[in-house]
Every structure is written in structure tokens, then in C-alpha cells.
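Working through the structure, step by step
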Amino acid sequence: MCATLFMLSGYLMSKIKLDNNYYVKRIRVIIIYVLASIVCEIFRIVFLQEEKNIIDIVMEIISFNVGNYSWYIELYLGLILIIPFLNVMWNTISDKQGKKILIVSLIFISSLPSVINVYNFKMSGWWSSPIISTEYQKIIPDSWSALYPITYYMIGCYLKDFRLSIKKSINFILIVLTICAYGTYMYWRNKGSVFVNGAWCQWYSFFVVILTTLVFNFIIGMDFSKTPNKIRAIAKFISDLTLGAYLVSVIFDIAFYDVLRAKIEIMPQRLNYYIVMVPAVFLCSLILSFIIECVYRLIHLIFQKLAYQSLGRMI
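Report on the accompanying structure. If you're wondering where the values come from, they're calculated on a predicted model, not measured in any experiment.

Conventions adopted
Residues numbered from 1 in each chain as written. Predicted model: local features only at pLDDT ≥ 70, side-chain atom pairs only at ≥ 80, totals over all residues. Heavy atoms only, no water. Helix = DSSP H or I, 4+ residues; strand = E, 2+ residues; numbered from the N terminus. Areas by Shrake-Rupley, 256 points an atom, 1.4 Å probe, with all protein chains shown as cover. Lys, Arg positive; Asp, Glu negative; His and termini not counted. Charge placed at Lys NZ, Arg CZ, Asp CG, Glu CD. Buried < 20%, exposed > 50% of the residue type's maximum accessible area, 1.4 Å probe, protein only. Polar contact = N/O pair within 3.5 Å; in protein donor to acceptor, adjacent residues only side chain to side chain. Contact = heavy atoms within 4.5 Å. Salt bridge = Lys/Arg side-chain N within 4 Å of Asp/Glu carboxyl O. Axes fitted to C-alpha atoms, helices over the stretch in contact; angles between N-to-C directions. Parallel < 35°, antiparallel > 145°, perpendicular 65-115°, else oblique. Left-handed = near helix turned anticlockwise from the far one by under 90°. Nonpolar A, V, L, I, M, F, W, Y, C, P; charged D, E, K, R; others polar. Expected span 1.5 Å × (residues − 1). Phe/Tyr/Trp six-rings, centres within 6.5 Å; stacked < 30°, edge-to-face > 60°. Lys NZ or Arg CZ within 6 Å of the ring centre and 35° of its normal.

1. Thoughts on the overall build of the protein chain
Across its full length, the protein chain holds twelve helices and zero strands. Listing each helix as α and each strand as β along the protein chain from the N terminus yields α-α-α-α-α-α-α-α-α-α-α-α. Each of the three principal axes of the protein chain carries a C-alpha extent, and together these read 75 × 60 × 45 Å. Put simply, the protein chain shows about 19,000 Å² of open surface, and 68% of that area lies on carbon and sulfur atoms. Averaging the locations of the 28 positively and 17 negatively charged side chains of the protein chain gives two centres separated by 13 Å.

Here it is, written out as C-alpha cells:
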């Protein structure tokens, strides 16, 4: 989700310029985050019996340390601050070739190290069982991995201007092949061991970047012009709630999956219940997000009235 949202930001916002209202229009993200964080804190205090005071709660919110997914807001807010300036750089590059070089350069410095600098060539048998060591040799520079939100944003800008010049059928085949290649690579990386979470499966992973780009390109190439208005309205309604749902989903992850783990001790058997658990978490997160959205709109309405009254007194 994180990668897709950064890429979607580039696709939708690549032409936006800095003006007096740019940052004001993005305050909604902060308010939704704060409201979702308060709900998560209440859940932890009431249901998980965690001891916290007001100072603890405030510090966790401002340090983006609430729940499991608030880190995304920290990254996204930083991206929001520099989007107008990224757009100046992007739109200043006049030719397609120059924009391609920028994209390739960003992928090279932020993503390629995730599958290049993750082997210990000094150990015998590294090629047959790379998991035998967690000490790796650097082959290419790898200090720019944290730049990946900008990489995704710029790819979104590129897809907005040009898209990938491939047919839908080829695009779909490439998605399947990439999934197979990634799955094979993950099996090879973890062969003979339990799952190891390394750079190759992070958001900046080369495989994740390629797969996200292909899936995004496939979706924007679909024709939605004949979609019924009711379906469009439902999609828009859900899209407005996705940010809040993402942030509060940790509540239902904890509540539902803890019950599942307690009832079903054997991990493979839990998979049989995921067809119920995943929609349940998603639906409950949407409902809670809708409540948060209602609170946000109430706050927005109150501030609008206060601003209108203040302006009236000034006049």
C-alpha cells in the first residue's frame, strides 16, 4: 500500500505548483492521523491495559510512534512538503530521455542495492545458501535507500506523462513473471531456514519497485469510462476512508488475529481462516474510519464557522 500511495501521489500531483493554499489543503492528512492515533491509544489503554499518561500519548503521536503504520504518515508528510519542488525539477526536464535517466538513476541508488549488496562472497557456499551469513559485501553505493518515496513519486510522474509502452496482455504476463521471479528469489534466500526479513523484501526492494510499477501501469491502462455512477460513488467513498482504515487496522489486526492464534495453534491451519479474517479486518477498519471521517468533518465545519465569524467581525 505504501509504495502504491507514493506512486499515486506522483501520478495525481505532478503538475501541482506551490501557492498560498497548497499546505492548507493537506491539513486533512494530519487531522486524520491525530484522530486515528487517539483511537489506537484508547484501544491500547482500555483493551490491552497499557499504562499511559497524557504526556506519553502526545509524545507517541508527535513522534509517529502510534500503532504499526504511523511511520507512513511521517514519510508522507515529508513528501508533501517537497512535492512542489520535486515537480519543478520534473517539469523542467524537457525530454522523455532525460526523465528516463532520472528514474533509472533513482532506482539504481535506492533499490538496486537491495538485491546486489546482500551476499557474503567470502563464505563458501554463499550462492547455494545465501542465508548462512548476515554479513554482506557492498558492491554498489547503498546509502540512499531511504530515498525510495521520491523514487516511487517520480515513477508516478513518469507514468502520468508517458506510461509504459507495452500491451495490456504483455503487462499482465510481466506481472505474473515478476511475482514468480520474486517468489523464487525469496525461496532461495530463505532455503534451509525460517523466513528472514531482509532488504530484498522492504518497500525499496528492487522486486517491489518493479512489481508496483507494472501493477500500477496495468490499472491506469484500464478503461473505467463505462463504470456505472453508483460504482464510481462507492469507490470514491471507500477511497476517502482508506487512509484512516490503514491507520486503525492495527486495532483489528491485534483483536482478531490474537483470537485466531489462540484458537488455532498450527500456523498452516490458520490460512484456512484468512478468507474470513482479512475481509473482517478491512470492513471493521472502514467502519471505524468512517466514524473518524465524521469527526473530522465536524471539526472542519466548526473551524469554518469560527473563521467566517472572525472575518465578519473584521469587516
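Still more ground to cover, so stick around.
2. Remarks on the side chain of Thr213
As for its placement among the helices and strands, Thr213 is situated in helix H9 (residues 206-220). On the basis of relative accessible area, Thr213 is assigned to the buried category, the value being 11%. A distance of 2.8 Å separates a polar atom in the side chain of Thr213 from the backbone oxygen of Val209. Discounting residues that sit within four places of it in the chain, Thr213 has contacts with Met7, Ile155, Leu159 and Leu164.

3. Section: the pattern of salt bridges
Here the idea is simple: oppositely charged side chains can pair when their charged atoms come close. Following the criterion strictly, the structure yields eleven salt bridges and no others. With a closest N to O distance of 2.2 Å, Asp258 and Arg261 form a salt bridge. You can see Asp258 and its partner Arg261 sitting in helix H10 (residues 229-263), three residues apart, about one turn around the helix. Asp258 sits in the partly exposed class, given a relative accessible area of 36%. Overall, the relative accessible area of 41% leaves Arg261 in the partly exposed class. When salt bridges that share partners are traced, they join Glu41, Arg44, Glu50, Lys52 and Glu60 into one network.

4. Comments concerning the environment of Glu50
As for its position among the elements, Glu50 is in the loop between helix H2 (27-46) and helix H3 (54-62). When the C-alpha positions of Glu50 and Ile27 are compared, they lie 30 Å apart, and in sequence the two are 23 residues distant. When neighbours within four sequence positions are excluded, Glu50 is seen to be in contact with Arg44 and Ile45.

5. Observations concerning the environment of Lys100
Within the secondary structure layout, Lys100 lies in helix H5 (residues 96-110). Of the residues examined, Lys100 reaches a relative accessible area of 35% and is grouped as partly exposed. When the C-alpha positions of Lys100 and Gly183 are compared, they lie 28 Å apart, and in sequence the two are 83 residues distant.

6. Structural notes on the packing of H2 against H3
At a closest axis distance of 10 Å, the pairing of H2 and H3 adopts a crossing angle of 135°. The angle between the axes of H2 and H3 places the two elements in the oblique class. Seen from above, H2 lies across H3 with right-handed handedness. Contact residues: Tyr33, Val34, Ser37, Ile38, Glu41 and Ile45 in H2; Ile57, Glu60 and Ile61 in H3. The class makeup of the residues in the contact of H2 with H3 is six nonpolar, one polar and two charged.

7. So, H5
With 15 residues, H5 should cover 21 Å at 1.5 Å per step; its first-to-last C-alpha distance of 21 Å lies within 8% of that length. Taken residue by residue, H5 has Gly98, Lys99, Leu102, Ile103, Leu106, Ile107 and Ser110 as its buried positions. Looking at the packing, one finds that the buried side of H5 touches helix H4 (71-92), helix H6 (113-116), helix H7 (148-161) and H9.

8. Re the packing of H2 against H4
How two helices pack is summed up by the angle between their axes together with the distance between the axes. In contact at an axis separation of 11 Å, H2 and H4 are set at 165° when each is read in the N-to-C sense. One element, H2, and the other, H4, form an angle in the roughly antiparallel class. As H2 runs across H4, the sense of the crossing is left-handed. Residue-level contacts link Val29, Ile30 and Tyr33 of H2 to Ile73, Tyr76, Leu77 and Ile80 of H4.

9. Quick notes on H9
Look at H9: 21 Å from first C-alpha to last across 15 residues, which is about the 21 Å you get at 1.5 Å a residue. Within H9, burial applies to Phe207, Val208, Val209, Thr212, Thr213, Leu214, Phe216, Asn217 and Ile220. Here the buried face of H9 lies against helix H1 (2-13), H5, H6, H7 and helix H8 (168-190).

10. A look at the packing of aromatic side chains
Centre-to-centre distance and the angle between the planes together describe a pair of aromatic rings. What the rule picks out here adds up to 27 aromatic pairs. Here the aromatic rings of Trp71 and Trp203 are separated by 6.4 Å at their centres, their planes lie at 35°, and the arrangement is tilted. Residue Trp71 is found in helix H4, and its partner Trp203 is found in the loop between H8 and H9; the two are separated by 132 residues along the sequence. With relative accessibility at 26%, the residue Trp71 sits in the partly exposed group. Relative accessible area serves as the criterion here: at 29%, Trp203 is assigned to the partly exposed category. Pairwise contacts between aromatic rings join Phe6, Tyr69, Tyr72, Tyr76, Tyr148, Tyr152, Tyr204 and Tyr246 into one cluster. If you follow Arg28 out to its NZ or CZ, it ends over the ring of Tyr296, 5.6 Å from the centre. The positively charged end of Lys160 is found above the aromatic ring belonging to Tyr11, 4.9 Å away from the centroid.

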